[in-house]
Amino acid sequence: MMDSTSLPERIRRDFPVLQRQVHGKPLVYLDNAASAQKPLAVIEGQREYLSNYHANIHRGAHHLAQLATEAFEGARNSLATHIGAADSKEVIFTSGSTDAINLVAHSWGRSNLSKGDVVLVTRMEHHANIVPWQMVCEATGARLEPVNVHADGTLDLEHFHAALERFQPKLVAMVHASNTLGTINPVTDLCRAAKAAGALTLVDGSQALPHMAVDVQAIGCDFYVATAHKAYGPTGIGFLWGKEDHLNAMPPWRGGGEMIQRVSFEGTTYNTLPHKFEAGTPHISGGIAFGIAISWMNAIGMDDIAAHEAELVAHAHNAIGSVKGVRIVGTAPQKVGVVSLIADGIHPYDMGTLLDGQGIAVRTGHHCTEPLMDHLGLESGTLRMSFAAYTTTREIDIAVAGLERALAMLR
Amino acid sequence: MMDSTSLPERIRRDFPVLQRQVHGKPLVYLDNAASAQKPLAVIEGQREYLSNYHANIHRGAHHLAQLATEAFEGARNSLATHIGAADSKEVIFTSGSTDAINLVAHSWGRSNLSKGDVVLVTRMEHHANIVPWQMVCEATGARLEPVNVHADGTLDLEHFHAALERFQPKLVAMVHASNTLGTINPVTDLCRAAKAAGALTLVDGSQALPHMAVDVQAIGCDFYVATAHKAYGPTGIGFLWGKEDHLNAMPPWRGGGEMIQRVSFEGTTYNTLPHKFEAGTPHISGGIAFGIAISWMNAIGMDDIAAHEAELVAHAHNAIGSVKGVRIVGTAPQKVGVVSLIADGIHPYDMGTLLDGQGIAVRTGHHCTEPLMDHLGLESGTLRMSFAAYTTTREIDIAVAGLERALAMLR
Amino acid sequence: MPSNHPLIESRQQEVIEDFSVFDDWMDKYEHLIDLGKDVPTIDDARKTDEHLIKGCQSRVWLAADETEDGGVVFTADSDAIITKGLVGLMVRVLSNAPAQAIAEADLHFLDAIGLHQHLSPTRSNGLASMVQQMRLYAAALAARQS
Amino acid sequence: MPSNHPLIESRQQEVIEDFSVFDDWMDKYEHLIDLGKDVPTIDDARKTDEHLIKGCQSRVWLAADETEDGGVVFTADSDAIITKGLVGLMVRVLSNAPAQAIAEADLHFLDAIGLHQHLSPTRSNGLASMVQQMRLYAAALAARQS
Ligand SMILES: Cc1ncc(COP(=O)(O)O)c(C=O)c1O
Ligand SMILES: Cc1ncc(COP(=O)(O)O)c(C=O)c1O
C-alpha cells in the first residue's frame, strides 16, 4: 500500500471546485457526507455523453441509441462487479437511496407485510430508512421497532439480539455506516443473526459506498442500496441491489415504458430484471457518470481511501479533543470519515454560520436523523465535519482553528 | 415573427452532437420524440454547476449549499412561470413523466379510487399513461376504460363524450400530443368536458413541452406532467404540476429526507409543498439544467419553434407522400413534429436499420404505444421520424431519399 | 417597489448605518452576536409551542401584541444567537409600527448589510417564517382596522 | 476463449469470407437482405406461439429437432428481412452440428463481419434471445446424451 498522506495531493487537482474561494477564503469542503464533489472524469464523462452520443436507450435500432445503451449497461456491469453482485440484472438503477428503499418498501413491503408483522430498524437510521417503513406499516398494519444506540454511537448489540428474538421481524433494515456518527455497523454479523431469526435484511450503504470496499455477498444481506452523489458521482441516480430470487418474486412498483413485455387493455405483462423495476426513460447520463465514478474510486483503490480517511478521523478526533468545551458525538472504534460535535451552551447553527464565514463548509442540525438526536438528547443537533478522499489533515486543522475562533466569538 | 426557415441555421451550432458522423455519414437525427439533443447552454450549465457550486441543497447553512439551493429553486420558478402555474410550489420535480404519472396514480389514485370507479384514458396513450392506471385499478378495484382513435390519428370525440357520460369517470388521463401520431389533442375542450362531468384531468405533456407554449391554467387541467430530456434538458428529471388544493390533499408517496417536518418513532409529520413529494436528495444538476433548457427555448420563442416544426411536418408529409407504397400514419390537422409511416410488405425494423446505415437516426416499432398499434392494426409498428427546433427540411429530404434507397433494397 | 412608512424606513437606515463600519464578514457577525446577546427576549412564559416557529436549524419564538393606537409590538427570541441577533433586527425595524406599514414593509436592509442569505426560506433558521408571520399578523389586524 | 468444433469454426470462416468482399455498410446489408430472401424458412405450421421469440422490434420463430446421430437441426424465420438474414446465418453456422458443439460455440463471426451490434440484447430484434434458446436447447440435449 502506498503512502496514504499523499493521496489528496495526487487527486485534488481532479476537483475543480476545490480551487475556489468562498467569502474570499479558500474553500474547505467538509460536507462530504451530504454530497461529495465530482472529479473531472465524472464531469467530463457526462459532458462527453451529452455532446456526442446522447440518445434514448434500449429498443433503439440506430447507432447513437446503441452507443448510449452500451455505455449505460456497461455502467450497470461496473457497479455489479464493484459490489460483488452475482449478476448485473440484480442491480436496479433508482434515483437515489431514498428511491431504492421506497422501492423495497412499496414492492416487497406491501406484498409481504401484514398486521402484526415487525420491521426492525436502528435508532441511528437516516429518515430515508425510517419514513418509508412507517408509511408501509401504516398501510399494512405492520409495526416498526427501533434498536437502541449506545452513547458512544455504537449499536446496542444486546438490544439488537433481544429484539430479533422478541419480535421475530420480517425485515431488518440497517445503515451500513451512520451519516451522523460515522459508526460502521457490523453488518455481516447483524445480517447473519437476522437471517438466523428468519428475517430478510436491507442494508443502507449510502455512507459506505464512498468510503470502503463493499461486497454484498460477503455481507450476506438481501437488499443493499446506495446513492451516487455521495460517492463522487452525479445527482439523481443510485441503485438497489437485491438477490435475484427476491427481485423476481416482487411485483413492479412504477408502471410505464421499459418495464413491460406487452401492454394491452386486456392485460399487461411485465419485463424481466432489471427492467421490471426501471419504468420510463432512465437517467442515462447519470448512470454512465456513476459508472465513471466507480472506476475513478477503483483506480485509487477503496482500501487506500479507507486508510486515508481513518487517518483523517484519528487526526480530527485528536485536534477536536483539545478544544475546550467541545464534545465529539460518536466515537465508535470503526468509523467512516464523519465527525459530529457539540459545544457546551453553543448552538451548532451559530458555529456553522461562523465557519462558513471563514470558507469552511460543514453541516449543522439533525442530519436527517431526528430520532437519533432525540435518543441521544441532542435537541439542536450537531455540527458535522465529513471527509472524502481529497480531504487533507491541513483542512481539518483549518476547520478546528476556525471552530476555536467561532467559539471565542460566541462565548 | 422572424423567418422560421433560418431557425436551424441560427441554433444548430449550439448542438455539438449535430456535427458528428455516423457510419461515415453526417448524422441526421430524427429521433427527437424519443429524446432531444442538448444545447451547449444546458451541457455547460450542468458542467459549471458540478465544477463550481455543487452541494446538497436545502437546510445547508454554508455558501455552496445556498448557491445550489438558489439555482435549483430558481429552476422551479422558471418552470412554474413557463407553464403558467399559479405558484411555484405547485411544481414537483420528479425523475420524468413516468415518475410523475406514477406519483399521481399512487398518491391520488390509491386514496381516491375504489371498486367500480373508472379512469378514462385514450387509446393513443404512451404506456406511461396506461400501466400506472392499470396497476392502481388492480389495487383498488377501479376500472380503466379507453377512448377510441380515428384512422387519421385524431381522437374519436363522439366516443370521448359518450364515455364521459356513460362511465362518469373519476379521472381522465390524456396525452397532450401523441408521441406516435403527432396528434395534438384539443385538451382545453376535453378538460372542460371532463370537468363538467365531474372528473379530474391529467394531461401528459411529454411531447408538448418541447414543441409549443403550454399554459396549464388555460388548459384547465388538474395535473400536468412532462419530462426534461425531450425538451432539450438533461436525463433523470421531469415534473408534475398539480393544483395546490389537490396536492395538499394528497398523501405523500415516497418517504425520506426533505419530505418531512419532524420524524420520530412515535409519529412523523410531513413537510409542505413542494417538498412533501420530493423525498431524498433531488437531481440538483438536472433541475438546474432543466431550467436552462426552458430559458433556451424561451430565448428562441415557443411560437417560432412551433411554426418551424409545422413547416417541417408539412414538408415531410409532402415528401413522403410522393414515395410509392408508403403510407403516413397520423394525419391530424394539428400535429407536433412527429411523422409515422409504414410501407407495404416491408418491416419497419428493416427500413430503420438501413436508414441507420446512412447516418439517419429514426425509431421503429410500437413507440411504447402498443394498444394504439393494436387499435390501428399495425402489428409491426411504424417507422417514426421526429423533429426538433434544429431539424432542417434538407435533413428530411435526406431521410426521404434514404428511405427510397432502403425500399429499393428491400423490395 | 413599495415605498416604506417613514418610521420603518428610517429604522432600516439606522441599521444600515450601524453595520456600515464593518466590511469584514467576521466583524459583521461579531456585531450581530453582540446584538443577539442584548436582545430583550420574550417572556419565558410565552416561549410556548403556540409561539414557536420551527426552523430546521434553529428555533424562533414570536409574540405579537396590539398597542392601544392600533400598532403592533413584537417580542421574539431564538435558541441560536446569530438567529437571535437577526430576529432582534427584525423586531427593531418592525415593532411598534402601524399594522398596515408592517404588512407592506419592504425589508431591504438585510440585503444592504449583506446578510440577505439568512432570509432565504431554504436556510431553515426560522427567520423567513417569522417575518411571514409578522406580516400575516399585521395584515389581519390592518384588515380589522379598516 | 473456447475453441470451436471444427464444423462450426469452418462454417464461420465461410461466412466471414463471404462477407469479406463488402467493405461498404450498404453492400453488406444488400447481401444480408439477399440471404434473408433465400433462407429456407420454417414450416408455416410451426410458426406458432410456441416457437415465437418476441423481440420488441421484430419477431423470430425457431424450431429445433434432434437428428438421428444426436445433433440438432434448426429452422427459423423472422418477419423482418434483415433479422431473417441474420437468423439464416446463425442457422447456417449452428444447425446440423453436435449438441455439445452448439452449446459451447464461440460465435465470433458476427463481430468479424461487423454486424455484431445486432446481437446486442438491447437491440430487441429477437436475435440474441434466439441464440440463447439455441444454446439452451443444445445444452439440454447434450446433458441428456452424456
Ligand atoms: C407521450 C409520452 N408520455 C410519456 C413518456 C415517458 O417519458 P419518460 O420516459 O421520460 O418518463 C413519453 C416518452 O417516452 C412520451 O412520449
Ligand atoms: C445513511 C443515508 N441513507 C440515505 C440517504 C439518502 O440518500 P439520497 O438523499 O441520495 O436518497 C443518505 C443521505 O442523505 C444517508 O446518509
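Let me begin by describing the structure that accompanies this report. Here the structure is a predicted model, which means the values were calculated and not measured.

## What about the overall build of chain A?
Counting its secondary structure elements, chain A contains 14 helices and 17 strands. Relative to the compact-globule value of 22 Å for 411 residues, chain A shows a C-alpha radius of gyration of 22 Å, a close match. Seen along its three principal axes, the alpha-carbon backbone of chain A occupies a region of about 70 × 55 × 40 Å. Taking as baseline every contact in chain A between residues at least 6 positions apart, the subset at least 24 positions apart corresponds to 71%. Of the roughly 12,300 Å² of accessible surface on chain A, a fraction of 49% belongs to carbon and sulfur atoms. For chain A, the distance from the average site of its 31 positive side-chain charges to the average site of its 41 negative ones is 3 Å.

## Quick look at the overall build of chain C
Helices and strands together make up the secondary structure of chain C, namely 6 helices and 4 strands. Each helix and strand of chain C, ordered N terminal to C terminal, gives the series α-α-β-β-β-α-β-α-α-α. What you see for chain C is a C-alpha radius of gyration of 15 Å, in line with the 15 Å of a compact globule of 146 residues. Of all 146 residues assigned to chain C, the portion counted as buried reaches 53%. When contacts within chain C are restricted to residue pairs at least 6 apart in sequence, long-range pairs at least 24 apart make up 64% of them. Here chain C has roughly 6,700 Å² of accessible surface; of this, 49% comes from carbon and sulfur atoms. Each charge sign in chain C was given a centre, from 12 positive and 23 negative side chains, and these centres are 6 Å apart.

## Description of a negative patch on the surface
Together, Asp23, Asp24, Asp27, Glu30, Asp34 and Asp38 of chain C give the surface a local cluster of negative charge. On the accessibility criterion, Asp24 of chain C (31% relative accessible area) is partly exposed.

## Details of the sheet that holds strand β14 (residues 338-343) of chain B
Sheets are built from strands that pair by backbone hydrogen bonding, the pairs being arranged parallel or antiparallel. Residues and elements named next belong to chain B. As summarised here, the arrangement of the 4 strands in space is β13-β14-β17-β16, forming an open sheet in which the pairing is antiparallel. At either margin of the open sheet sits one strand with a lone partner, and together these are β13 (326-329) and β16 (363-365). Between one strand and the next, the sheet's axes are offset by a mean angle of 30°, whatever the strand orientation. Where β16 meets strand β17 (residues 382-386), 3 bridges bridge the pair, whose relative direction is antiparallel. Looking at the pairing, Arg363 lines up with Arg384 of β17. Each of β14, β16 and β17 is contacted by helix α12 (residues 348-357), which is oriented at about 40° to β17, the strand it contacts most.

## Details of the site of ligand 2
Close to ligand 2 lie 15 residues; Thr98, Asp204, Thr227 and Lys230 of chain A together with Thr281 of chain B are nearest. His229 of chain A places a side-chain nitrogen or oxygen 2.8 Å from an oxygen atom of ligand 2. Protein burial of ligand 2: of its 390 Å² of free accessible surface, 95% is covered by the chains. Per-class residue counts for the shell around ligand 2 are 2 nonpolar, 11 polar and 2 charged.

## A few points about the nonpolar core
Buried together is how nonpolar side chains tend to be arranged in soluble globular proteins. Grouped together as the largest cluster of nonpolar side chains are 174 residues, with contacts concentrated most on Tyr224, Tyr232 and Phe239 of chain A together with Tyr224, Tyr232 and Phe239 of chain B. Here Tyr224 of chain A is in contact with His176, Val203, Gly205, Ala208, Val214, Val216, Ile219, Phe239, Leu240 and Trp241 of chain A, once residues within four sequence places are set aside.

## What to know about the pattern of salt bridges
Enumeration according to the criterion identifies 46 salt bridges over all chains in this entry. Between Asp117 of chain A and Lys170 of chain A there is a salt bridge, with its nearest N and O atoms 3.1 Å apart. One end of the pair, Asp117 of chain A, is in the loop between α4 (97-112) and β5 (118-122); the other, Lys170 of chain A, is in the loop between α6 (157-167) and β7 (171-175), and 53 residues separate them in sequence. By relative accessible area, Asp117 of chain A is classed as buried at 15%. What makes Lys170 of chain A partly exposed here is its relative accessible area of 32%. A salt bridge links Lys243 of chain B to Asp222 of chain B, with the nearest nitrogen and oxygen atoms 3.4 Å apart. Of the two residues, Lys243 of chain B sits in the loop between β10 (238-242) and α9 (244-249) while Asp222 of chain B sits in the loop between α8 (216-219) and β9 (223-227), which places them 21 residues apart along the sequence. Judged by relative accessible area, which is 28%, Lys243 of chain B ranks as partly exposed. Judged by its relative accessible area of 6%, Asp222 of chain B is buried. When salt bridges that share partners are traced, they join Asp99 and Arg254 of chain A together with Asp99 and Arg254 of chain B into one network.

Criteria and thresholds
- Residues numbered from 1 in each chain as written.
- Chains lettered and ligands numbered in written order.
- Predicted model: local features only at pLDDT ≥ 70, side-chain atom pairs only at ≥ 80, totals over all residues.
- Heavy atoms only, no water.
- Helix = DSSP H or I, 4+ residues; strand = E, 2+ residues; numbered from the N terminus.
- Rg over C-alpha atoms; globule rule 2.2 N^0.38 Å.
- Contact = heavy atoms within 4.5 Å.
- Areas by Shrake-Rupley, 256 points an atom, 1.4 Å probe, with all protein chains shown as cover.
- Lys, Arg positive; Asp, Glu negative; His and termini not counted.
- Charge placed at Lys NZ, Arg CZ, Asp CG, Glu CD.
- Buried < 20%, exposed > 50% of the residue type's maximum accessible area, 1.4 Å probe, protein only.
- Patch = residues over 30% accessible without salt bridge, like charges linked within 9 Å, V, L, I, M, F, W, Y side chains within 5 Å.
- Salt bridge = Lys/Arg side-chain N within 4 Å of Asp/Glu carboxyl O.
- Pairing = 2+ DSSP bridges.
- Axes fitted to C-alpha atoms, helices over the stretch in contact; angles between N-to-C directions.
- Near = heavy atom within 4 Å.
- Polar contact = N/O pair within 3.5 Å; in protein donor to acceptor, adjacent residues only side chain to side chain.
- Nonpolar A, V, L, I, M, F, W, Y, C, P; charged D, E, K, R; others polar.
- Core = buried A, V, L, I, M, F, W, Y, C linked by side-chain atoms within 4.5 Å.

These figures capture arrangement, not role.
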